[in-house]
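# Descriptive analysis of the structure
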Amino acid sequence: MGHFFPGTVSFPIFLFMLGSARCWWHFGAKQPRVFASSHAQLTPPEGIESADLRMPGVSPQMNESYLCSAFPLDSERDHFIVGFEPVLSSRHIHHVIVYGCEMPGSEDKAWDCGEMASPRGSYSHSPVCASQPDIVYAWAHNAPELLLPDGVAFRVGGSSAVQFLVLQVHYMRAEEDDTSGIRIIHTDRPQPRQAATLLLATDGRIGPKRKEQLEVACVVDESVVLHPFAFRVHTHRHGRKVGGWAVREDPKSGTDKWTLLGQRDPQLPQMFQLVANQSVTITQGDVLAARCSMENEEKREIKIGPTGEDEMCNFYLMYWTKNGQTLEQNMCFSPGPPIYRWTKSAGLNHTPKRK
């Protein structure tokens, strides 16, 4: 069996996901085995190998640092990622994201991939990828390991568009010689169903002493049938509940039918878990929507932003397809409150009740 990563050379990646907001962006089973402990090492099944994506002993000198490192893939043949395991050596990590890139944003061993470069930083500043990145996996808040359903995998390397995996780590505090990362569980045996991850996220502001709903919705306008199987939510400390829905309009009555994909308290471990209905399919013309319920008990206004003192409203959805074709556009944004609302901005009706 061939090597997943040829050699040990590291390069890198970035994207601050909430930068340029869009209010209506067009996106173009067996159960997953989710492990309860984030510390126990996975025992891969026969024919499966593992490879570590780890930071190369980085030393972020400032709080709220975003650092990236890239890993070239085997360009001679396809490989198939079937699982992820966090391998963390720092207590100061806010989140870790694995991106897929055609080319990384930098050739440095590690680089600053935050939204803004800092003149005090010791790392050069570059984006995650040289072109649009694909989100493969995200970890935060003590989430456990994840194995995908049987026959489902992310195709990388070889003839795929993903020739590098880029590891992004958000450090809440300064750190010394950190080697945290993600263990990739993979095989070179082709899998019948191809996985991908899409993200719905918002911009916006939450007024002082105020409860707020942050909403986002996108039309699927590509001819792809999506089979969602797992979801993950992410906010900071002001998040109370995050949910995602598939919405299909009745062509005769114009009534929107909302199907819950998943809903979770973001203060719990932010793991990928099963969608509520495994038989749901999403087709061209359907809408994907997400909402974050926030409560700001502070006297200051809180904005969406990259630091721990800001907020985020993210709903990740993993899906698989049968024919190997995935969405070309896997990210969707809205400007959030007070500008964007499902009913006024997106024209949606019969929306779920706010709780």
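This structure is a prediction, so every number in the text was calculated from the model and none was measured.

## A word on the side chain of R193
Its location among the elements puts R193 in strand β12 (residues 193-202). Within the buried core, R193 has no salt-bridge partner, and the shortest N-O distance to an opposite charge, that of D150, equals 7.0 Å.

## As for the state of the cysteines
All chains considered together, the criterion is met by four disulfides. Between the sulfur atoms of C68 and its disulfide mate C113 the distance is 2.1 Å. With the S-S bond torsion at 85°, the cross-link from C68 to C113 turns out right-handed. Of this pair, C68 sits in strand β3 (residues 65-72) while C113 sits in the loop between β6 (111-112) and β7 (134-140); the two residues are 45 residues apart in sequence, bridging distant segments of the chain. When sorted by exposure, C68 lands in the same class as C113, which is buried. Shown here is the disulfide that connects C292 with C313, its sulfur atoms set 2.0 Å apart. What sets the handedness of the C292 and C313 disulfide is the S-S torsion sign, and at about 90° it is right-handed. One end of the pair, C292, is in strand β19 (residues 287-296); the other, C313, is in the loop between β20 (302-303) and β21 (314-321), and 21 residues separate them in sequence. On the basis of relative accessible area, C292 is assigned to the buried category, the value being 1%. In the chain, the cysteines engaged in disulfides, taken in order along the sequence, are linked 1-3, 2-4, 5-8, 6-7.

## Focus: the side chain of H236
Locating H236 in the fold gives a position in the loop between β15 (227-234) and β16 (239-249). Setting aside residues no more than four positions away along its own chain, H236 makes contact with H94, Q267, G305, T307, G308, D310, E311 and M312.

## Regarding the confidence of the model for the chain
Within the chain, residue pLDDT values average 85, and 85% of them lie at 70 or more. By mean pLDDT, strand β1 (residues 33-34) is the weakest element of the chain at 31, and β19 is the strongest at 98. Note on residues 1-44: pLDDT under 50 across the span, and 203 contacts to partners over four residues away in sequence or across chains.

## So, unusual backbone geometry
Put simply, P337 and P338 share a cis peptide bond, and its omega is 5°. Take P338: it is sitting in the loop between β22 (331-334) and α1 (342-346). A positive phi angle, close to 60°, is found at E64, a residue other than glycine. As for its position among the elements, E64 is in the loop between β2 (49-54) and β3. With a relative accessible area of 23%, E64 lands in the partly exposed category.

The rules we used
Residues numbered from 1 in each chain as written. Predicted model: local features only at pLDDT ≥ 70, side-chain atom pairs only at ≥ 80, totals over all residues. Heavy atoms only, no water. Helix = DSSP H or I, 4+ residues; strand = E, 2+ residues; numbered from the N terminus. Buried < 20%, exposed > 50% of the residue type's maximum accessible area, 1.4 Å probe, protein only. Lys, Arg positive; Asp, Glu negative; His and termini not counted. Salt bridge = Lys/Arg side-chain N within 4 Å of Asp/Glu carboxyl O. Disulfide = S-S within 2.5 Å. Contact = heavy atoms within 4.5 Å. pLDDT = per-residue confidence, 0-100.

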